[in-house]
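Results of the structural survey
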Amino acid sequence: MSQLPEIIRTIDRVSADVVAKASTFQAAILSDVAGRRGTMHGRVAPVHQNMKVAGPAFTVEVRPGDNLMIHAAIALAQPGDVLVIDGKGDQTAALMGTLMLSACKKRGLAGVIVDAAIRDKLEILELDFPVFSAGFNPAGPTKFVPGRINHPISAGGTTVNPGDLVVGDADGVVVIEREKAPAMMALADKKVADEAARIESIARGDTASKWLPAALRAAGVLKEGESL
């Protein structure tokens, strides 16, 4: 019986064209067109609200409080990749700080998403590099527990496969399966156009939600023939 290696070096990535297109959309738009699936728990948030990231996931699984495999992942990831780290949501020690994140930026990675704590918040703000985390802690990590690279992981309660499309902004992070991502782009374009039209109608004074009465009747709040 064959067994996958702990480190998988070669992965299929979502295309650069799809990443470029996806980067023009809010994470919320992509979440809607993906059926409201694939969003990470709100604990995984950008260090600064203006940070935005889009790219293929380069996945890392670590034991809580240990960053050995993150160092290996930084050495292996390609420019444009987004490190997505399953740190089990642990906030008792920081998995990354200025030194490692500076290396990520230098190597041309698109950003880092850590479901765990990091540190050096003020320096990260000055680094001008997209970083999302579950919090902060000044305590440093250990560096001797094995983990896995480019296996399926769970980060922020969401399944992330290597090469999946990852988009993060002020609202949080959404993950879309690599195979489904291309089809989502046209749907996202339509969603943006529909919302723009709705905003224009609201500006003209049309604030009524035309779907609301039927939804209230279906929920049993309004009786048939009754209106707000």
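Summary of the structure given here. All figures in this text were calculated on a predicted structure; none of them were measured in a lab. (Residues numbered from 1 in each chain as written. Predicted model: local features only at pLDDT ≥ 70, side-chain atom pairs only at ≥ 80, totals over all residues. Heavy atoms only, no water.)

Overview of the nonpolar core
Of all hydrophobic cores here, the largest spans 29 residues; its most connected members are Val 60, Ile 70, Leu 83, Ile 85, Met 96 and Val 112. Among the secondary structure elements, those contributing two or more residues to this core are β2 (53-61), α3 (68-76), β3 (82-86), α4 (98-106), β4 (111-118) and α5 (121-127). With residues near it in sequence (within four places) discarded, Leu 83 still touches Phe 58, Val 60, Ile 70, Ala 73, Ile 74, Ala 77, Cys 104, Leu 109, Gly 111, Val 112 and Ile 113. (Core = buried A, V, L, I, M, F, W, Y, C linked by side-chain atoms within 4.5 Å. Buried < 20%, exposed > 50% of the residue type's maximum accessible area, 1.4 Å probe, protein only. Helix = DSSP H or I, 4+ residues; strand = E, 2+ residues; numbered from the N terminus. Contact = heavy atoms within 4.5 Å.)

Considering the pairing of strand β9 (residues 165-169)
The side chains of a regular strand alternate, residue by residue, between the two faces of the sheet. The element β9 is extensively covered by neighbouring structure, given that five of its five residues are classed as buried. The alternating pattern of β9 places Leu 165, Val 167 and Asp 169 and Val 166 and Gly 168 on opposite faces, both of which are buried. Taken together, the four bridges between β2 and β9 define a ladder with antiparallel strand orientation. Bridge assignment links Ala 54 to a residue of β9, and that residue is Val 167. Of the pairings in the sheet, the one linking β9 to strand β10 (residues 172-176) comprises five bridges and is antiparallel in character. Residue Val 166 lies in a different strand from β10, and its bridge partner there is Val 175. Between β9 and β10, which pair antiparallel and follow one another directly, the connecting turn spans two residues. (Pairing = 2+ DSSP bridges.)

Quick word on the pattern of salt bridges
Following the criterion strictly, the structure yields 13 salt bridges and no others. Salt-bridge contacts for Asp 81 lead to Arg 13; the nearest nitrogen and oxygen are separated by 2.8 Å. Here the residue Asp 81 occupies a position in the loop between α3 and β3, and Arg 13 occupies one in the segment before α1 (16-22), the gap between them amounting to 68 residues. Given the relative accessible area of 1%, Asp 81 is considered buried. Residue Lys 191 pairs with Asp 32 through a salt bridge whose shortest N-O separation is 3.5 Å. Here Lys 191 is found in helix α6 (residues 181-203), whereas its partner Asp 32 is found in helix α2 (residues 27-33), with 159 residues between them in sequence. For Asp 32, a relative accessible area of 26% corresponds to the partly exposed category. (Salt bridge = Lys/Arg side-chain N within 4 Å of Asp/Glu carboxyl O.)

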